[in-house]
Structure formats: structure tokens, C-alpha cells
Amino acid sequence: MQIAQRLYEGVDIGGETVGLISYMRTDGVQLSAEAIAGTRGLIGRDYGEKYLPREPRVYRARAKNAQEAHEAIRPTDVARRPEHVAQQLEPEQLKLYELIWRRTLASQMESAVLDQSTIDIGAPDGQVVLRATGSILVFDGFLTLYQEGRDDSDDEEGQARLPKLAEREALERGAIATDQHFTQPPPRYSEASLVKKLEELGIGRPSTYASIIKVLQDRSYVRLDQRRFIPEDRGRLVTQFLASFFERYVEYGFTADLEAQLDEISGGRIDWRTVLREFWGPFIAAIDGTKDLTITQVIDALDAALGHHFFPADANGRDPRLCPACQAGRLGLRLGRTGGFIGCSNYPNCRYTRPLAVETDAGAHGNGADLALPRELGRDPATGEPVTLKKGPFGIYVQLGEGDKLNKPKRASLPKTVSPADVTLELALGLLALPREIGIHPETGKPITAGIGRFGPYLKLGPVYKSLPKDDDVLTIGLNRAVVLLAEAKAKATPLRVMGNHPVDREEIAIYRGRFGPFLQHNGVRANLPRGTTPEAITLEQALELLSARAADAGPGKRGSRKAKAKRANGEPKAAKAPSARTRRAKATKPAGETKARRASAKSADGG
């Protein structure tokens with residue numbers, strides 16, 4: 001939708017901003033008379049009269065609640081072919097414009113003619129007869145310009161395109177492939193088929209379909225696998241919760257009926273108060289019926305409804321809910337600080353847990369984690385202590401040794417790109433050794449280190465940090481690659497002006513360009529320049545005053561304040577604090593005694 005928005009707002013063509021498509025947030029399928037005339041003229045001129053119908057094609061929306069205030073999405077000028085504007089458009093913009101242009105012209109072209117045929121192909125001896133069912137193209141019509149894409153490469157039965165053949169025509173034998181087909185359940189939704197289903201059910205509008213699909217993926221309710229939506233376990237939980245306790249509001253017809261009522265309100269046929277009253281009464285009753293539910297009741301309801309999914313029947317007759325650790329407890333859905341998981345009913349005597357996912361034949365789960373955690377990976381060759389893979393409140397991590405109350409064991413979080421099932425002793429030791437020194441930078445002579453922080457793997461050279469791209473491994477990245485990445489980071493962080501060194505710690509003070517304007521930076525403290533002040537006009541003394549005020553305003557919990565306290569603890573002098581504007585104003589006010597005297601005299605004048 002954002003790409004379409006840019007095409008609608010216009011692009012620079014020959015020094016002039018030109019809008020390439022009509023309004024894109026519309027249900028309309030009708031075209032204006034001007035657009036139809038231009039389209040038919042282009043078809044007759046460029047493709048020939050046989051592709052031009054005698055009468056213009058007129059389309060009407062089949063949806064009852066369609067909003068047709070705007071005409072269909074179309075090029076503002078069909079004579080502006082995609083190849084004419086290719087140089088001015090980005091690749092994605094060009095693809096979308098070409099799609100709109102082709103569909104607009106195809107909608108006014110003559111229909112294609114296809115013959116549904118069944119062809120029997122027999123061997124010369126008559127012992128083998130092969131049959132093919134499909135369609136033979138007689139006249140391509142609009143197909144010469146536009147053909148609807150398919151989500152599957154395999155054609156549906158009876159929909160294959162067959163070549164023109166004559167009766168008793170001799171054929172040459174090509175490659176022979178023997179494929180066995182079984183009856184399959186209906187395919188899962190793709191983006192196109194899901195939108196088509198939403199349209200059939202009357203849910204949403206064309207302008208909302210992209211955001212609906214994006215939210216489903218962003219919240220990990222589904223994942224896209226080979227262009228098909230696969231439901232995730234989080235999505236199953238949310239759906240089952242709503243279906244169990246808010247059944248009416250997730251029914252297919254509820255949204256469509258409500259939108260139809262809103263259309264009736266806009267037409268003045270229903271009073272909005274009536275619609276609101278009819279909605280609010282049952283809705284508040286549903287809320288009141290669930291607000292007293294305990295977490296245990298909700299978990300039990302979800303466990304009963306989704307038990308067949310998370311604990312499918314075993315072909316060997318084994319109880320799928322039997323705990324594999326204690327062989328006595330019953331597995332069920334549990335809720336913790338980090339979300340849902342599957343745990344044993346004998347907790348705390350049995351601490352067996354596994355992720356909220358369906359068990360596979362290999363004994364692993366959706367995220368690749370083994371059934372039993374913690375799991376010992378081996379022994380550290382240097383210390384002889386055990387290296388263990390564990391699960392904590394913030395995810396999976398590796399740990400060296402067990403430690404004690406005084407000395408905590410060393411731990412390292414597992415990167416998101418690493419599956420727990422793939423963790424080996426070598427990998428765990430590499431993670432525990434982070435941060436590691438890669439080498440010495442050839443220009444600065446300072447060491448380059450690699451590690452994993454709050455925001456993932458990174459490189460560090462002095463005060464410069466650079467996040468590692470997905471294709472680079474924090475454990476194996478070399479010096480040459482690290483120098484290149486850090487050069488990119490330094491190029492982005494080039495200061496507008498270097499003010500000099502701070503008189504206390506001799507660290508550099510520089511001005512950088514930020515999202516909200518230029519700012520000063522010194523040793524982790526940032527201070528915005530006053531409005532109207534240019535980087536060239538500010539002096540070092542003004543910069544020190546702004547940084548000092550900013551460090552004081554940051555408070556004891558901020559990074560800059562902590563660094564300043566640490567330096568003073570090491571015996572360095574405290575920088576003089578410049579008087580703030582509030583302090584200067586306080587000094588300029590009248591003494592309290594004078595104010596009281598004025599109040600007293602005013603009282604006397606009023607006769608009090």
C-alpha cells in the first residue's frame with residue numbers, strides 16, 4: 001500500500017511531479033468514461049480490432065457493502081506505458097505500475113476462447129492408452145496481455161493447457177515421469193486466497209488486507225512457508241481463547257454484519273444509538289462473564305481444547321501426556337513469566353519443561369529444542385567444569401560450571417539464529433569466550449572485539465559499535481571483514497564538527513547530526529543544540545555548559561551520570577556546574593518579606 005501511495009502522490013517525470021495511478025483505497029471496479037475511451041483507443045491501435053469488444057466492458061461490485069465512491073485503481077493515463085516511466089521508478093514501483101496498467105487494459109479486451117478437451121493418446125499396439133484433460137487455446141484475447149498468477153506450480157485437475165492436436169496425429173515420445181497422486185486436504189491459504197476468502201465473507205476492505213496480513217506475521221500468529229500460511233502455536237492459543245470466551249465476536253459473519261449496519265447508519269436508515277446499544281449490551285455481558293476467570297481456568301480450557309494438537313496420539317499406543325522425565329506426571333499447558341510452555345504436573349518435584357510446540361518424530365519441537373533441559377554438552381578442556389544448555393526466563397543459554405553463592409557461573413545467551421538442537425560443545429565454548437579480540441585495527445592501532453549484547457552480535461572499536469549483519473558469524477568473523485564493517489559505521493557517524501577535548505577527562509567533544517537536529521556528544525552524554533544555534537556558531541564554553549546541564553538532568557540512573565560518578569570516585573575533580581536558567585530566575589525575584597508587606601498593605605487598603 002505504501003508503494004501504491006507513492007505512485008498516487010506522484011513521481012518526478014521531466015521536472016514535473018505526475019501522479020501515475022488513481023486513488024488506491026477503493027472497492028470500486030467501475031471506470032470513468034474518459035478512462036474507458038482512452039483504454040479502448042489504445043487497444044484498437046496497438047493490438048488490433050479483433051482484441052476490441054464491440055461494446056465497452058462495464059463491471060459492478062458483487063459485495064453488498066462495497067464502497068464505490070472512487071473508481072477502480074487504474075493508470076491516470078493509459079498511454080503512459082510502463083517502459084516509458086521505467087527510468088523514473090524504483091523496481092517495486094515499476095512492478096506495481098505494470099500490474100495495474102496490464103490489468104486495466106485487459107479488463108477492456110475481448111474475452112479469450114478456449115476449448116475444453118479430452119485427448120486419448122494410444123500406443124501403436126493399442127495396449128496402453130493415456131488420457132489428458134484440459135483446454136486448448138483458440139483465441140488468446142486478454143490473455144495476450146495479462147494472465148492471473150497461480151499459487152501452485154501444478155495445474156489443477158482439468159485446468160492444464162493442452163497443445164492443438166489433430167485426430168490420429170503421430171506424436172514423438174519425450175521424457176516419461178511416473179508420479180503417484182493421493183487425495184490431499186484443501187491447501188492452506190496463500191496471500192491471494194486469503195484475500196479472496198476475506199472478500200467472500202465481507203470482512204475488511206481492500207485497503208486493510210495488507211495490514212491484516214502484516215499483523216498476522218508480525219505477531220507470529222502465522223508463518224509463510226512456500227507461499228502458504230502455516231499457523232503458529234501462539235496463533236492457535238489466541239484463536240482458541242477468543243473462540244472459547246468470545247465466540248460471537250470471532251464468527252465470520254459478525255464483522256460483515258457490523259459493517260453493513262455502519263453503511264445503513266451512513267445512509268440514514270438506522271439510528272446509530274440503536275446499533276451501539278445492540279452491540280454494547282451483549283459485549284459488556286461477555287466481558288463480565290470472563291473478568292472473574294482465574295488463570296488456571298483459562299489454561300485448563302485451552303489445555304482441553306488444544307490437547308489433541310499439542311499431544312497427538314502415538315502410533316505405538318504410548319500416552320502422549322506421560323512425562324518422559326519422571327514417568328508419572330501428566331504433561332499439560334502451563335503459563336510462566338515468559339509465556340506459555342508445556343510442563344509436568346509433578347512440579348516442583350519434576351522440573352521437566354519443553355517449548356509450547358508439537359513434538360516431532362525426532363523428539364524435537366518447533367524451535368529445535370530437545371525434550372529435556374538442562375542438557376550437559378560436555379566438559380571444558382581448560383577447567384574440566386561441565387558446560388550445560390539451560391532455559392531461563394529470557395531464553396536458552398549456555399553455562400560453564402555451577403558456581404556458588406559468592407561466584408556466579410559464566411553464562412552466554414544463545415543467538416536467535418541458532419537452534420538449541422544445533423548447539424555443540426565447541427559452539428558453547430565459543431559463546432562463553434565472548435567477547436573475543438579479532439585483531440588490531442591497521443589505522444588506529446586499537447583492538448577490535450566481537451561480542452553479543454542486548455541487540456545481538458556486534459563489533460567494537462573504541463567508542464564505535466557496529467551490529468553484525470545476519471550473514472556474518474560473531475565466532476568466525478575475520479579482521480578484514482571487521483575493518484570493512486567498522487569503516488561503514490564510522491562513515492555514518494562522522495561528526496559535523498569536533499569541538500576539542502573536555503578539560504576534565506580529555507575525551508573528545510563533537511557535534512553530530514541527529515534525527516531531531518544537531519547534538520553534542522561527550523563520553524556517552526548527548527545534549528541537543530539550542531534552537532536557532534548552528535554547529536559553527538557554538539563555542540567550547542557553551543558546549544561544556546550544555547553537556548554539564550544535560551548530565552545533571554539525566555539523574556543517578558542514567559548512563560552519563562554513572563560515568564561521571566565513576567570518574568570522580570577515581571580521584572578526578574568534579575566539573576563546575578553552570579547555573580541553570582531556573583536558578584538565575586530565582587535570584588532575580590523579590591525577597592519574601594517584601595511580598596508579605598505588599599499583601600498587608602493591600603489588605604489595609606481594602607478595609608480588612
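**A short note on helix H9 (residues 295–310)**
Here H9 contains 16 residues, and its C-alpha end-to-end distance of 19 Å is more than 12% below the 22 Å for a straight helix at 1.5 Å per residue. At Ala304, H9 is bent by approximately 45°, the largest bend along its length. Of the positions making up H9, those classed as buried are Val298, Ile299, Leu302, Asp303, Leu306, Gly307, His309 and Phe310.

**Description of the nonpolar core**
The biggest cluster of nonpolar side chains holds 27 residues, and the ones touching the most others in it are Leu377, Val398, Val423, Leu431, Ile438 and Leu459. Among all residues touching Leu459, those that are not within four sequence positions of it are Ile438, Thr449, Ala450, Val464, Tyr465, Lys466, Leu468, Ile477, Ala482, Leu485 and Leu486.

**Focus on the pairing of strand S20 (residues 508–514)**
The pairing of strand S19 (residues 497–501) with S20 spans 4 bridges and is classified as antiparallel. By the bridge assignment for S20, Asn501 is matched with Glu508. Counting the residues in the hairpin turn of S19 and S20 gives 6 residues, including Arg506, whose phi is positive at 65°. Pairing analysis gives 5 bridges linking S20 to strand S21 (residues 517–522), with the strands arranged antiparallel. Note that in S21 the partner of Ala510 across the bridge is Gln521.

**Brief notes about the side chain of Thr290**
Relative to the helices and strands, Thr290 is located in helix H8 (residues 272–290). Overall, Thr290 belongs to the buried group, its relative accessible area being 17%. In this structure, Thr290 is in contact with Phe245 and Phe246, ignoring residues within four places of it in sequence.

**A closer look at a nonpolar patch on the surface**
Taken together, the side chains of Ile121, Val128, Leu130, Leu165 and Leu171 make up a nonpolar region of the molecular surface, amounting to roughly 410 Å² of accessible area. For Val128, the location among the structural elements is in the loop between strand S3 (113–122) and strand S4 (129–139).

**What to know about the packing of aromatic side chains**
As enumerated under the stated definition, the model contains 12 aromatic pairs in all. Judged by centre distance (6.2 Å) and plane angle (55°), the rings of Phe241 and Phe246 are tilted. Exposure remark for Phe246: the relative accessible area of 13% places this residue in the buried category. Grouping aromatic residues by their ring pairs yields a cluster made of Tyr249, Phe254, Phe279, Trp280 and Phe283.

**Observations concerning the pattern of salt bridges**
Summed over the entire model, instances satisfying the criterion amount to 19 salt bridges. One salt-bridge network, in which partners are shared between bridges, spans Arg45, Asp46, Arg81 and Glu83.

**Considerations on the confidence of the model for the chain**
Mean pLDDT for the chain: 79, with 83% of residues reaching 70 or above. Ranking the helices and strands of the chain by mean pLDDT puts strand S15 (residues 436–440) first, with 92, and helix H15 (residues 592–605) last, with 41. When the criterion is pLDDT under 50, residues 360–371 qualifies, and its contacts beyond four places in sequence or with other chains add up to 27 contacts. Predicted confidence for residues 557–608 stays below pLDDT 50, and this span has 27 contacts to residues more than four positions away or in other chains.

**Quick word on the side chain of Ser107**
With respect to the helices and strands, the residue Ser107 is situated in helix H3 (residues 91–107). Residue classification places Ser107 among the buried residues on the basis of a relative accessible area of 18%. Here Ser107 is in contact with Leu31, Arg57 and Tyr59, once residues within four sequence places are set aside.

**Considering the sheet that holds strand S12 (residues 386–392)**
In space, the 4 strands of this open sheet follow the order S11-S12-S13-S14, with antiparallel pairing throughout. The sheet terminates laterally at strand S11 (375–379) and strand S14 (410–413), the two strands that pair on one side only. Taken pair by pair, the neighbouring strands of this sheet meet at an average axis angle of 25°, ignoring direction. Relative to S12, S11 runs antiparallel, the two sharing 4 bridges. Note on S12: the bridge partner recorded for Gly378 is Val387.

**Overview of the sheet that holds strand S22 (residues 525–528)**
If you trace the 4 strands from one edge of the open sheet to the other, you get S19-S20-S21-S22, paired in antiparallel fashion. Strands with a single pairing partner mark the edges of an open sheet, and in this sheet they are S19 and S22. Strand-to-strand twist in this sheet, taken as the mean axis angle between neighbours without regard to direction, amounts to 25°.

**With respect to helix H2 (residues 33–46)**
Compared with the 20 Å implied by 1.5 Å per residue over 14 residues, the 20 Å span of H2 between its first and last C-alpha is a close match. Every buried residue of H2 is accounted for by Ala35, Ile36, Thr39, Arg40, Leu42, Ile43 and Gly44. Close packing links the buried residues of H2 with H3. Gly48 occupies a position one or two residues after H2 and carries a positive phi of about 105°.

The rules behind these values
- Residues numbered from 1 in each chain as written.
- Predicted model: local features only at pLDDT ≥ 70, side-chain atom pairs only at ≥ 80, totals over all residues.
- Heavy atoms only, no water.
- Helix = DSSP H or I, 4+ residues; strand = E, 2+ residues; numbered from the N terminus.
- Expected span 1.5 Å × (residues − 1).
- Bend = angle between axes of the 7 residues up to and from the residue.
- Buried < 20%, exposed > 50% of the residue type's maximum accessible area, 1.4 Å probe, protein only.
- Core = buried A, V, L, I, M, F, W, Y, C linked by side-chain atoms within 4.5 Å.
- Contact = heavy atoms within 4.5 Å.
- Pairing = 2+ DSSP bridges.
- Patch = residues over 30% accessible without salt bridge, like charges linked within 9 Å, V, L, I, M, F, W, Y side chains within 5 Å.
- Areas by Shrake-Rupley, 256 points an atom, 1.4 Å probe, with all protein chains shown as cover.
- Salt bridge = Lys/Arg side-chain N within 4 Å of Asp/Glu carboxyl O.
- Phe/Tyr/Trp six-rings, centres within 6.5 Å; stacked < 30°, edge-to-face > 60°.
- pLDDT = per-residue confidence, 0-100.
- Axes fitted to C-alpha atoms, helices over the stretch in contact; angles between N-to-C directions.

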